[in-house]
Amino acid sequence: MVALGAASNLPDHKTVNPDVLSSLDKSSQVATDALQSRSDDATRASRGETRDSTTKAGTKLNQEEAASEVYLLPLDDYEFTSAFGVRFGKLHAGIDLAAPDGTPYKAVHAGTVTAAGYNGGYGYSITIQQDDGTEMIYAHSRRLLVKKGDVVKAGQVVGEVGNTGYSYGTHLHLEVHVDGKPVDPITFLRGHQVDIQLQMESPYASLAAAAAS
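Please read these numbers as outputs of a predicted model, since none were measured by experiment.

A word on the side chain of H109. Take H109: it is sitting in the loop between β6 (104-106) and β7 (111-118). Note on H109: relative accessible area 9%, which makes it buried. At 2.8 Å, the side chain of H109 and the backbone oxygen of V70 are in polar contact. Setting aside anything within four residues of it in sequence, one finds H109 in contact with S68, E69, V70, Y71, I128, Q130, Y138 and A154.

Working definition: two side chains of opposite charge can pair if their charged atoms are close together. Scanning the model with the defined rule gives six salt bridges in all. Here R143 ties to E160 by a salt bridge, and the two come within 2.9 Å at their closest N and O atoms. Of this pair, R143 sits in strand β9 (residues 135-144) while E160 sits in strand β11 (residues 157-161), placing them 17 residues apart in sequence. According to the relative accessible area criterion, R143 is partly exposed, its value standing at 45%. For E160, a relative accessible area of 10% gives the class buried. Residues joined by salt bridges that share partners form a network here, namely D101, R142, R143 and E160.

Now for the nonpolar core. Ranked by size, the top nonpolar core spans 32 residues in total, and within it Y138 and L189 carry the most contacts. Residue assignment for this core shows that the elements contributing at least two residues are β5 (95-98), β8 (124-129), β9, β11, β12 (171-178) and α3 (185-190). Top contributing element to this core by residue count: β12, with four residues. Non-local contacts of L189, meaning those with residues more than four positions away in its chain, are made with Y71, V108, M136, L174, V194 and I196. L72, A154, Y204 and A205 belong to the second largest nonpolar core, which has five residues in total.

Rules behind the numbers
Residues numbered from 1 in each chain as written. Predicted model: local features only at pLDDT ≥ 70, side-chain atom pairs only at ≥ 80, totals over all residues. Heavy atoms only, no water. Helix = DSSP H or I, 4+ residues; strand = E, 2+ residues; numbered from the N terminus. Buried < 20%, exposed > 50% of the residue type's maximum accessible area, 1.4 Å probe, protein only. Polar contact = N/O pair within 3.5 Å; in protein donor to acceptor, adjacent residues only side chain to side chain. Contact = heavy atoms within 4.5 Å. Salt bridge = Lys/Arg side-chain N within 4 Å of Asp/Glu carboxyl O. Core = buried A, V, L, I, M, F, W, Y, C linked by side-chain atoms within 4.5 Å.

Printed below as a string of structure tokens:
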């Protein structure tokens, strides 16, 4: 079994007190509000972009623009094995995606690497901070391909799936933090045209991938 949720000593399974449970509701609302604040522009853009790949100004979205704005799947192929949520009084603060050892994984969104190295129970992990302060954490890696201070693009390969730290089976553990608090990556990414469970990503995936290569 991959990433057993009941393991009480895993760092991505945190003891939950009433304050934390309350903060989960608040952080989910923060994520919703953050997405809503962008929805007017995003909705208007997506209506035009999905039809004719144009922006509001009527110009085609180029590779660099796509790479800076788009969100992507972190892996080309994976098995969704564990969801975000409280189980057995512990918070699993992210989602788990099983893949073979050494499978390359990509940055979901552009940003700056604020941490890269061995991080206790998270094993070899990477934290990438976006321009709006949102952080994404990629954990249990076999190998890291970026270092602190690097600026990365969406779709850029940043590490390899592994089984380091407190982990059972090779998988990528992905967390999303908004205003310093974990939110459900599934809900967050769906707001950016990425569906982890259906393995669907933005219509600009190919443009962003080309820019990142």
